[in-house]
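Listed below are the residues making up each chain.
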Amino acid sequence: MSTPLPILKEQIENYLSKSLAADVDQATLRDAMNYSLMAGGKRLRPALTLATIEMLGGTLNDDLLRAASALELLHTYSLIHDDLPAMDNDDLRRGKPTNHCKFGAGMATLAGDGLLTLAFQWVADNHLPANVRSQLTLELAKAAGPSGMVAGQARDIEGEHQHLTLNQLRYLHRQKTGELIRYAVLAGGIMMDQSAEIKQELAAFGENYGLAFQIYDDLMDILSTTEAMGKAVHKDADEQKNTYPGLLGVDGAKEQLQLALTAASQNQKNLEKLTGKSFAGYDDFLAYFK
Ligand code: GRG
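Draft legend 1. Representation of the pattern of salt bridges. This model, assessed by the stated rule, comprises 12 salt bridges. Note that arginine 66 is salt-bridged to aspartate 125, the shortest N-O span being 3.4 Å. Separated by 59 residues along the polypeptide, arginine 66 in helix H4 (residues 62–83) and aspartate 125 in the loop between helix H6 (105–124) and helix H7 (130–144) bring together distant segments of the chain. Residue arginine 66 is classed as buried on the basis of its relative accessible area, which comes to 12%. By relative accessible area, aspartate 125 is classed as partly exposed at 43%. The network of salt bridges with common partners includes Glu13, Arg43, Glu72 and Arg94.

Below, the structure written as structure tokens:
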């Protein structure tokens with residue numbers, strides 16, 4: 001049985017709002033962490049994990065919710081740090097003043113540090129089997145750290161005044177955005193103790209979905225509005241960032257988006273063949289791009 005996406009989002013938000021306070025021992029830090037965490041994101045990454053678990057035949061419980069919601073803590077840290085004056089210097093995120101605008105750069109840095117560290121605590125501190133917790137810890141560290149998202153962010157900063165090739169840009173996007181989304185899907189397979197072959201196909205779906213997600217974000221920076229996005233738009237071109245539309249034009253970027261989505265749909269079919277189960281639940285996630 002697949003839980004509809006809006007209900008998964010509600011379950012994640014309930015878990016986050018009831019659980020954060022217990023693990024933070026300083027009032028201002030707790031307020032700063034809670035402020036960005038509960039500012040209303042799409043909760044896409046933990047929802048991907050939970051939907052994957054259900055499509056593989058699992059039933060959600062508090063331990064699975066805790067391990068999956070950890071990724072939302074980590075994702076929120078990346079947004080807080082990305083918005084800091086020393087990085088993108090943004091004033092608006094999730095439709096609200098950014099964390100440093102509200103709490104100052106020092107406390108915002110600590111709120112990000114706290115969310116990053118707490119993510120690993122939630123992955124380790126639950127009742128899932130020890131081998132599941134250790135695999136999740138390793139894969140999350142690889143996806144989020146200096147061989148994943150942090151490296152992608154470093155490439156992004158360094159690439160600002162350089163012209164990247166399509167292959168270099170794809171690699172940057174894969175690390176900066178794709179790795180956490182890849183992990184989100186793979187984590188569902190790890191929690192359900194699947195074979196290496198199935199986990200590989202889940203990761204491939206996440207990788208293609210993650211690339212599509214970043215190309216779409218690049219396109220929306222040009223085609224959407226601040227009101228619709230809840231953050232500043234048209235910043236990429238102003239700051240000479242490397243983006244798909246910047247490199248290929250809007251039509252070229254749309255073509256690459258379609259290619260990534262076609263590849264993700266193929267992974268979805270492969271998963272159905274490999275497991276004998278329906279992966280139609282991913283259709284709701286693919287509909288995000290329509
Ligand atoms: C600071 C180490 C470090 C990394 C930052 C994720 C990231 C790397 C930067 C955020 C800026 C950005 C545009 C990243 C691309 C990925 C992306 C579209 C993030 C926003 O994710 P959504 O759309 O946001 O899921 P919500 O608010 O819905 O959670």
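Draft legend 2. Up close: the site of the ligand. Around the ligand, the structure places 18 residues, and the nearest of them are Lys42, Arg45, His75, Arg94 and Gln214. Taking lysine 42, its side chain carries an N or O atom lying 2.6 Å from an oxygen atom of the ligand. With respect to the ligand, the side chain of arginine 45 contributes an N or O atom lying 2.7 Å from an oxygen atom. Where the shell around the ligand is concerned, the elements lending two or more residues are H4, helix H8 (149–159), helix H9 (166–191) and helix H10 (196–223). The element contributing the most residues to the shell around the ligand is H4, with 6 residues. Taken together, the residues that form the shell around the ligand break down as 5 nonpolar, 7 polar and 6 charged.

Draft legend 3. Representation of the packing of H7 against H9 in the model. Between H7 and H9, whose axes approach to 9 Å, the crossing angle comes to 170 degrees. Relative to H9, H7 is oriented roughly antiparallel. Here Val132, Gln135, Leu136, Glu139, Leu140, Ala143 and Ala144 of H7 lie close against H9, whose contacting residues are Glu179, Leu180, Arg182, Tyr183, Leu186, Ala187, Ile190 and Met191.

Draft legend 4. Representation of the nonpolar core. Among the nonpolar cores identified, the biggest contains 77 residues, and Leu48, Leu73, Leu136, Met191, Tyr209 and Tyr282 are the most heavily contacted of them. Looking at which element gives the most residues to this core, the answer is H10, with 12 residues. Beyond its immediate sequence surroundings of up to four residues, leucine 48 is in contact with Ile181, Ala184, Val185, Phe205, Tyr209, Tyr282 and Phe285.

Draft legend 5. Molecular detail of the packing of helix H2 (residues 27–37) against H6. It is the contact of H2 with H6, at a shortest axis distance of 9 Å, that shows an interaxial angle of 75 degrees. Viewed along their axes, H2 and H6 adopt a mutual orientation that is roughly perpendicular. Contacts between H2 and H6 involve Thr28, Leu29, Ala32 and Met33 on the former and, on the latter, Met107, Leu110, Ala111, Gly114, Leu115 and Leu118. Class assignment of the residues belonging to the contact of H2 with H6 gives a composition of 8 nonpolar, 2 polar and no charged.

Draft legend 6. The arrangement of the side chain of glutamine 214 in detail. Along the polypeptide, glutamine 214 turns up in helix H10. Residue class for glutamine 214 comes out buried when judged on its relative accessible area of 6%. Polar side-chain contacts of glutamine 214 include one of 2.3 Å to the side chain of threonine 177. Aside from chain neighbours lying at most four places away, what touches glutamine 214 is His173, Lys176 and Thr177.

Thresholds applied
Residues numbered from 1 in each chain as written. Predicted model: local features only at pLDDT ≥ 70, side-chain atom pairs only at ≥ 80, totals over all residues. Heavy atoms only, no water. Salt bridge = Lys/Arg side-chain N within 4 Å of Asp/Glu carboxyl O. Helix = DSSP H or I, 4+ residues; strand = E, 2+ residues; numbered from the N terminus. Buried < 20%, exposed > 50% of the residue type's maximum accessible area, 1.4 Å probe, protein only. Near = heavy atom within 4 Å. Polar contact = N/O pair within 3.5 Å; in protein donor to acceptor, adjacent residues only side chain to side chain. Nonpolar A, V, L, I, M, F, W, Y, C, P; charged D, E, K, R; others polar. Axes fitted to C-alpha atoms, helices over the stretch in contact; angles between N-to-C directions. Parallel < 35°, antiparallel > 145°, perpendicular 65-115°, else oblique. Contact = heavy atoms within 4.5 Å. Core = buried A, V, L, I, M, F, W, Y, C linked by side-chain atoms within 4.5 Å.

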